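Remarks on the overall topology
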Amino acid sequence: MLVLFETSAGYSLFKMSDKKKLEKTKPEDMYDTFFSTQENAKKCLNLVSFQPFADTADAVSAASACIEGKMSKSLKGFLKKQLKGSKSDSESLAVADKALGLNIKEDLSSKMSCTIKCDDQTNEVFRGIRMHLDELMDGDGGKDSVSG
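Described in the following lines is the structure provided in the data block. Quick caveat, the model's predicted, so the values are computed rather than measured. (Residues numbered from 1 in each chain as written. Predicted model: local features only at pLDDT ≥ 70, side-chain atom pairs only at ≥ 80, totals over all residues. Heavy atoms only, no water.)

**Topic: the packing of aromatic side chains**
Considering all chains together, one arrives at four aromatic pairs under this definition. When the centroid spacing of 6.2 Å and the interplanar angle of 55 degrees are considered together, the rings of Phe-34 and Phe-35 count as tilted. Here a set of aromatic residues connected by ring pairs shows up, and it is made of Tyr-11, Phe-53 and Phe-78. (Phe/Tyr/Trp six-rings, centres within 6.5 Å; stacked < 30°, edge-to-face > 60°.)

Structure (structure tokens):
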């Protein structure tokens, strides 16, 4: 499962490493299984890519669009680039907002075949990312970091 996460600095795309374990884990057990320590979080989530906002105006535009459940131009470009290789129907993209998920599905359905997920389990994944964001963002910054 891929996880789209927005920070004040830009968009991040994480990948959950153990799909089978994820599918078997109940939402109430997600914290203990995946996020109880920094090490566990780093084992289960890998930063695939990070795209910083070009400037403050871009960040404000992205935040406004996100609040309205819409995709900003920068998010649309980021997802097109990152998901163009996603040919597998078994891949899913976790988003924090159902309205945003629906817009992503509508706007990019011809360019991606992954399913959109927004449920109790993904809410726990977002909670874990927020808890360990600094540690998860450390390292190489994703293999496809874009500078705007």
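**A few points about helix α6 (residues 98–108)**
By the burial criterion, the buried members of α6 are Leu-100, Gly-101, Ile-104 and Leu-108. All buried residues of α6 fall inside an arc of 100 degrees around its axis, so they share one side. Structural note: α6 exposes Lys-98, Leu-102 and Glu-106 on the side pointing more than 90 degrees away from its buried face. The distance from a side-chain oxygen at the start of α6 to the backbone nitrogen of Ala-99 is 3.3 Å, and the residue carrying that oxygen is Asp-97. (Buried < 20%, exposed > 50% of the residue type's maximum accessible area, 1.4 Å probe, protein only. Helix = DSSP H or I, 4+ residues; strand = E, 2+ residues; numbered from the N terminus. Arc of directions from axis to C-beta. Polar contact = N/O pair within 3.5 Å; in protein donor to acceptor, adjacent residues only side chain to side chain.)

**A short note on the nonpolar core**
Soluble globular proteins tend to bury their nonpolar side chains together. Judged by nonpolar contacts, the single largest core of 21 residues is most densely connected at Leu-4, Leu-75, Leu-79, Leu-93 and Ile-104. Of all the secondary-structure elements, those providing two or more residues to this core are β1 (2–6), β2 (10–16), α4 (56–67), α5 (73–83) and α6. Sort the elements by how many residues they give to this core and α5 lands first, with four residues. Setting aside chain neighbours within four positions, we find Ile-104 in contact with Leu-4, Met-71, Leu-79, Leu-93, Val-95, Ser-109, Met-112 and Ile-116. (Core = buried A, V, L, I, M, F, W, Y, C linked by side-chain atoms within 4.5 Å. Contact = heavy atoms within 4.5 Å.)

**A few points about the sheet that holds β1**
Adjacent strands of a sheet form backbone hydrogen bonds with each other and so pair up, either parallel or antiparallel. Taken together, five strands build an open sheet; the order of strands is β3-β2-β1-β4-β5 and the sheet is mixed. The outermost strands of the open sheet, each flanked by one partner alone, are β3 (45–52) and β5 (115–117). Averaged over all pairs of adjacent strands, the angle between their axes in this sheet comes to 25 degrees, without regard to strand direction. Looking at chain direction, β2 and β3 are connected through seven bridges and run antiparallel. Residue Phe-14 lies in a different strand from β3, and its bridge partner there is Leu-47. Contacts from helix α7 (residues 120–131) reach β1, β2, β3, β4 (92–94) and β5, with the element oriented near 55 degrees to β1. (Pairing = 2+ DSSP bridges. Axes fitted to C-alpha atoms, helices over the stretch in contact; angles between N-to-C directions.)

**Some words on the environment of Ala-41**
Of note, Ala-41 is situated in helix α3 (residues 38–44). As for Ala-41 and Val-125, which are separated by 84 residues in sequence, their C-alpha atoms are 9.7 Å apart. Among residues more than four places away in sequence, those in contact with Ala-41 are Phe-34, Phe-35, His-132 and Leu-136.

**Thoughts on a negative patch on the surface**
On the surface, a cluster of negative charge is made up of Glu-28, Asp-29, Asp-32 and Asp-120. Considering the arrangement of structural elements, one finds Asp-120 in helix α7. Take Asp-120: its relative accessible area is 52%, and that puts it in the exposed class. (Patch = residues over 30% accessible without salt bridge, like charges linked within 9 Å, V, L, I, M, F, W, Y side chains within 5 Å. Areas by Shrake-Rupley, 256 points an atom, 1.4 Å probe, with all protein chains shown as cover. Salt bridge = Lys/Arg side-chain N within 4 Å of Asp/Glu carboxyl O. Lys, Arg positive; Asp, Glu negative; His and termini not counted. Charge placed at Lys NZ, Arg CZ, Asp CG, Glu CD.)

**Some details on the environment of Glu-68**
Relative to the helices and strands, Glu-68 is located in the loop between α4 and α5. Judged by its relative accessible area of 52%, Glu-68 falls in the exposed class. Sequence spacing of Glu-68 and Leu-100 is 32 residues, and the spatial spacing of their C-alpha atoms is 8.0 Å.

**Regarding the pattern of salt bridges**
Throughout the structure, instances matching the rule amount to four salt bridges. Glu-124 serves as the salt-bridge partner of Arg-127, at 2.8 Å between the closest nitrogen and oxygen. Separated by three residues within a single helix, Arg-127 and Glu-124 lie in helix α7, roughly one turn from each other. Taking the relative accessible area as the measure of exposure, Arg-127 reaches 37% and is therefore partly exposed. On the accessibility criterion, Glu-124 (21% relative accessible area) is partly exposed.

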